[in-house]
Amino acid sequence: MSSNHALITVFAMLIVLSTMWRRRRLRRAVRDLPTRMQRLLGPEPLFIPPPDDRLPDDLRAYAALHKRTRWVIYLCWTVAAAYAAMIVFSVLKGNPS
């Protein structure tokens, strides 16, 4: 296996593990909410909170957690996409390593 294949595998695992981490963290946070607040959230696995204009005060901390964990996923996808673009660029240029 070349180094490019190994790193692509590492980035794929990073994406999968970060997605599992986010789902587990959100599930734990939803479990701690009162039932009335749980009913305001979207379906599992994303548990999307209502828009900010209709967000009750009891869900503000959960909405902040939801946004914070989403940025972790975006960062993982960005790093993986940048590395994939670098590999494609080097292959098209003619110097695959």
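Refer to the preceding data block for the structure.
Calculation notes
Residues numbered from 1 in each chain as written. Predicted model: local features only at pLDDT ≥ 70, side-chain atom pairs only at ≥ 80, totals over all residues. Heavy atoms only, no water. Phe/Tyr/Trp six-rings, centres within 6.5 Å; stacked < 30°, edge-to-face > 60°. Helix = DSSP H or I, 4+ residues; strand = E, 2+ residues; numbered from the N terminus. Buried < 20%, exposed > 50% of the residue type's maximum accessible area, 1.4 Å probe, protein only. Axes fitted to C-alpha atoms, helices over the stretch in contact; angles between N-to-C directions. Parallel < 35°, antiparallel > 145°, perpendicular 65-115°, else oblique. Patch = residues over 30% accessible without salt bridge, like charges linked within 9 Å, V, L, I, M, F, W, Y side chains within 5 Å. Areas by Shrake-Rupley, 256 points an atom, 1.4 Å probe, with all protein chains shown as cover. Salt bridge = Lys/Arg side-chain N within 4 Å of Asp/Glu carboxyl O. Lys, Arg positive; Asp, Glu negative; His and termini not counted. Charge placed at Lys NZ, Arg CZ, Asp CG, Glu CD. Contact = heavy atoms within 4.5 Å.

K.L.:
Lay out the packing of aromatic side chains in plain terms, naming residues and giving numbers.
P.N.:
Applying the stated criterion to the full structure yields 2 aromatic pairs. Aromatic pair Phe 11 and Tyr 83: ring centres 5.2 Å apart, planes at 45 degrees, arrangement tilted. Placement of the pair is Phe 11 in helix 1 (residues 3-31) and Tyr 83 in helix 3 (residues 60-93), with a sequence separation of 72 residues. Looking at Tyr 83, the relative accessible area reads 12%, which means it is buried. On the basis of an interplanar angle of 90 degrees and a centroid distance of 5.6 Å, the ring pair of Trp 71 and Tyr 74 is categorised as edge-to-face. Within this pair, Trp 71 and its partner Tyr 74 are both found in helix 3, separated by 3 residues, close to a single helical turn. By relative accessible area, Tyr 74 is classed as partly exposed at 43%.

K.L.:
Please set out the packing of helix 1 against helix 3 residue by residue, giving values where relevant.
P.N.:
Two elements in contact, helix 1 and helix 3, have axes separated by 10 Å at closest approach and are oriented at 170 degrees. Of the possible angle classes, the one that applies to helix 1 and helix 3 is roughly antiparallel.

K.L.:
Describe a positive patch on the surface, naming the residues involved and giving the relevant values.
P.N.:
A surface patch of like charges, here positive, comprises Arg 24, Arg 25, Arg 28, Arg 31 and Arg 68. At 4 residues, helix 1 tops the list of elements feeding residues into the positive patch. Position of Arg 25 relative to the elements: it lies in helix 1. A residue is classified by how much of its surface remains accessible, and Arg 25, at 35% relative accessible area, is partly exposed.

K.L.:
Can you break down the side chain of Ser 18 residue by residue, with the values?
P.N.:
In this structure, Ser 18 sits in helix 1. Look at Ser 18 and you get buried, because its relative accessible area is 8%. Apart from the residues within four sequence positions on either side, Ser 18 is in contact with Ile 73 and Cys 76.

Such coordinate-based values are descriptive only and should not be taken to indicate function.
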